[in-house]
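# Residue-level structural notes
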Amino acid sequence: MLILFQSKSAAEVLMFAQHAKPILLAAGKQFDTPDLPERGVITRDQMDTAIAGIESLVAADTSRDDSTQHDDAAEHPIDQHVGMRRRAWPLLAMLRLSREKGEDVTWGPAPIW
């Protein structure tokens, strides 16, 4: 399932649910089921905790993430590993902007076009 994160202060962020779940868990969200809830919110009161949690997740990621070195001859971009830093950055940027503006961030299923 595709998840769409929205805030009035930032562009929308689209992410697969399987990739969003560990980021939301790091942000302090708790889920009663093994699956990601279809809809949710990170309130302005939760922003500091959410940002700190995601930053800790990114800092703890020891996987290879060669975002500064591109050797297209060695590996096709579709086969390259996407580390947590690259995966979480758009949502982290959205949270920071939303915190500055005092706005909530919501998520829900992405519309099917």
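Our structure is the block above this text.
Because the structure is predicted, anything quoted here is derived from the model rather than measured.

Let us now look at the nonpolar core. Of all hydrophobic cores here, the largest spans 26 residues; its most connected members are Phe5, Leu36, Ile42, Ile54, Leu95 and Trp107. Of all the elements in the fold, those that place two or more residues in this core are strand E1 (2-7), strand E2 (10-16), helix H1 (17-26), helix H2 (47-60), helix H3 (84-101) and strand E4 (105-109). If one sorts the elements of this core by residue count, H3 sits on top with 6 residues. Ignoring any residue separated from it by four or fewer positions in sequence, one finds Leu95 in contact with Ile42, Met47, Ala50, Ile51, Ile54 and Val105.

This brings us to the packing of aromatic side chains. Applying the stated criterion to the full structure yields 1 aromatic pair. Ring geometry for Phe5 and Trp107: centres 6.2 Å apart, planes at 50°, overall tilted. Taken together, the residues Phe5 in strand E1 and Trp107 in strand E4 connect sequence positions 102 residues apart. Taken as a pair, Phe5 and Trp107 share a single burial class, namely buried.

Okay, a nonpolar patch on the surface next. Together, Leu2, Leu14, Phe16 and Trp113 make up an exposed nonpolar region whose accessible area comes to about 490 Å². Examined against the element boundaries, Leu2 turns out to sit in strand E1.

Taken together, 4 strands build an open sheet; the order of strands is E2-E1-E4-E3 and the sheet is antiparallel. What marks the edges here is a single partner per strand, and that holds for E2 and strand E3 (40-42). Sheet twist, expressed as the average angle between the axes of neighbouring strands with direction ignored, equals 20°. Judged from the 3 bridges that link them, E3 and E4 form a sheet pairing that is antiparallel. Counterpart to Gly40 in the pairing with E4 is Trp107. H3 rests against E1, E2, E3 and E4 of the sheet, and its axis sits at about 145° to E2.

A word on H2. The end-to-end C-alpha distance of H2, which contains 14 residues, comes to 20 Å, matching closely the 20 Å that a straight helix rising 1.5 Å per residue would cover. Contact partners of the buried residues in H2: H1, E3, H3 and E4.

Here we take up the packing of H1 against H2. Running from N to C, H1 and H2 point in directions that differ by 120°, and their axes come no closer than 7 Å. When the axis of H1 is compared with that of H2, the two are oblique. Contact residues: Pro22, Ile23 and Ala26 in H1; Gly53, Ile54 and Leu57 in H2. Along the lines of polarity and charge, the residues of the contact of H1 with H2 split into 5 nonpolar, 1 polar and no charged.

Reading the values: rules and limits
Residues numbered from 1 in each chain as written. Predicted model: local features only at pLDDT ≥ 70, side-chain atom pairs only at ≥ 80, totals over all residues. Heavy atoms only, no water. Core = buried A, V, L, I, M, F, W, Y, C linked by side-chain atoms within 4.5 Å. Buried < 20%, exposed > 50% of the residue type's maximum accessible area, 1.4 Å probe, protein only. Helix = DSSP H or I, 4+ residues; strand = E, 2+ residues; numbered from the N terminus. Contact = heavy atoms within 4.5 Å. Phe/Tyr/Trp six-rings, centres within 6.5 Å; stacked < 30°, edge-to-face > 60°. Patch = residues over 30% accessible without salt bridge, like charges linked within 9 Å, V, L, I, M, F, W, Y side chains within 5 Å. Areas by Shrake-Rupley, 256 points an atom, 1.4 Å probe, with all protein chains shown as cover. Salt bridge = Lys/Arg side-chain N within 4 Å of Asp/Glu carboxyl O. Pairing = 2+ DSSP bridges. Axes fitted to C-alpha atoms, helices over the stretch in contact; angles between N-to-C directions. Expected span 1.5 Å × (residues − 1). Parallel < 35°, antiparallel > 145°, perpendicular 65-115°, else oblique. Nonpolar A, V, L, I, M, F, W, Y, C, P; charged D, E, K, R; others polar.

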